[in-house]
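Structure at a glance
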Amino acid sequence: MKTIYLLLSCTVLLTACQSTNEANQVPNSTNMIDHVYYIEQQSAQRLVGSSQRLAESFDGYCANQTTKETVVMQWQQTMQSWMALQGQERGPEAALSLNWNIQFWPDKKNTTGRKMSQLLKKDQTWNSELIQQQSVTTQGLGAVEWLLFDPASTLPAEESCQLGQAITENLALNTKKMAQAWQINPWTQLDETMWLNEYIALLANQLDYSMKKLSRPLAKIGQPRPYFSESWRSETSLTWLKYNVEAMQQLYIANGSGLNQYLKDQGHSDLAERIEDHFNSTLETWPESSSLFSELQTKSGYQNTLALYNKLEYLKYLIHEEVAIELNIAIGFNATDGD
């Protein structure tokens, strides 16, 4: 696990450099829509860059020009970039329609593992066009994780390399399509009331999705389902969830022109500060382990995970209930509800 921690640290540094380079591009206006859109657009651009580097590193690895650790690091960076957009149900339809292609989850029946094993057994020369014709379970980040971490993977054998190159190339193409969809602001024609509905739903949907990443593996008390964890093979589930929460916090603040400031301007400073404080305290007290799979193997780990879920549940209450009531917003049906 020390190698994974080191690579994740490198990933953070890479992203920090990207964020610094983008800082000068922040909109000059105080318009909420402009700032939230800017965050989404930049998140999509980061995803394109990281997925392209992932494809390049996979090519380099298969040509014996780089190491597997380099590919793992690039996969981690792409996963981190994806967390800013994962679980969203608001935005350009062309972008949202690619969500399952970028990552298939939840994988309750290990469909990814079964499908990937089947593809490796086929006498087929794989390319991105052929991958596009396959199940979404074999097109995205989960399929790459399987190749890098599952014992059934035959990397660096030729069949696995060729399959991985095709998958990562297709992933880069899909993230490019997603970023292209985000080149146009989908919210410019909304009035204030419609925008507030859209903005709060954006936060609420992503929060609901993030909570599912805990509730599904937690299952019934005493009967956890650790294999329902996201990225259980690489033992990084809790790391990705933390990036989800950080991304939601960024959307809430939106460079000082987001919902936080709007609540204060509307006379709800106490509520705004409670949300901000809860974001901060949740992140500051985040579990040390990166593996939800490992945490659910012990009673204390289960309790820690449940405590984390309760923190997100309180954040959900603040946004779903208190913000919605104070601003007279009705949060509609969320596609992540139910099983």
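Structure's up top.
Before going into details, it helps to say that this report is about the structure given with it. (Residues numbered from 1 in each chain as written. Predicted model: local features only at pLDDT ≥ 70, side-chain atom pairs only at ≥ 80, totals over all residues. Heavy atoms only, no water.)

A few words on helix α2 (residues 32–62). Since the α-helix packs 3.6 residues into each turn, any two residues three or four apart lie on the same face. The end-to-end C-alpha distance of α2 is 45 Å, a good match for the 45 Å that 31 residues give at a rise of 1.5 Å each. Burial analysis of α2 places 24 of its 31 residues in the buried class, which makes it a mostly covered element. At the N-terminal boundary of α2, the capping side chain belongs to asparagine 31, with an oxygen 2.8 Å from the backbone nitrogen of isoleucine 33. Positioned one or two residues after α2, asparagine 64 has a phi angle of 60°, which is positive. (Helix = DSSP H or I, 4+ residues; strand = E, 2+ residues; numbered from the N terminus. Expected span 1.5 Å × (residues − 1). Buried < 20%, exposed > 50% of the residue type's maximum accessible area, 1.4 Å probe, protein only. Polar contact = N/O pair within 3.5 Å; in protein donor to acceptor, adjacent residues only side chain to side chain.)

Here we come to the nonpolar core. Of all hydrophobic cores here, the largest spans 85 residues; its most connected members are Met178, Leu214, Leu259, Leu263, Ile275 and Leu327. Residue contributions to this core peak at twelve residues, all from α2. Each residue touching methionine 178, except ones within four places of it in the same chain, is listed here: Leu47, Trp82, Leu85, Ala95, Leu98, Asn99 and Ile102. (Core = buried A, V, L, I, M, F, W, Y, C linked by side-chain atoms within 4.5 Å. Contact = heavy atoms within 4.5 Å.)

So, on to the environment of alanine 166. Tracing the sequence through the fold places alanine 166 in helix α9 (residues 158–181). Not counting the four nearest positions on each side in its chain, alanine 166 is found in contact with Trp126, Asn127, Ser128 and Ile131.

Right, let's get into the side chain of threonine 175. Checked against the element boundaries, threonine 175 lands in helix α9. Judged by relative accessible area, threonine 175 falls into the buried class, the value being 1%. A polar side-chain atom of threonine 175 sits 2.9 Å from the main-chain carbonyl oxygen of alanine 172. Setting aside residues no more than four positions away along its own chain, threonine 175 makes contact with Leu47, Val48, Ser51 and Ile102.

Before going further, it helps to spend a moment on the packing of helix α3 (residues 68–83) against helix α11 (residues 237–253). Axis separation between α3 and α11 bottoms out at 8 Å; the angle between their running directions is 40°. Regarding α3 and α11, the two cross each other, and that crossing is right-handed. Here Trp75, Gln76, Met79, Gln80 and Met83 of α3 lie close against α11, whose contacting residues are Trp240, Tyr243, Asn244 and Ala247. In terms of residue class, the contact of α3 with α11 is made up of six nonpolar, three polar and no charged. (Axes fitted to C-alpha atoms, helices over the stretch in contact; angles between N-to-C directions. Left-handed = near helix turned anticlockwise from the far one by under 90°. Nonpolar A, V, L, I, M, F, W, Y, C, P; charged D, E, K, R; others polar.)

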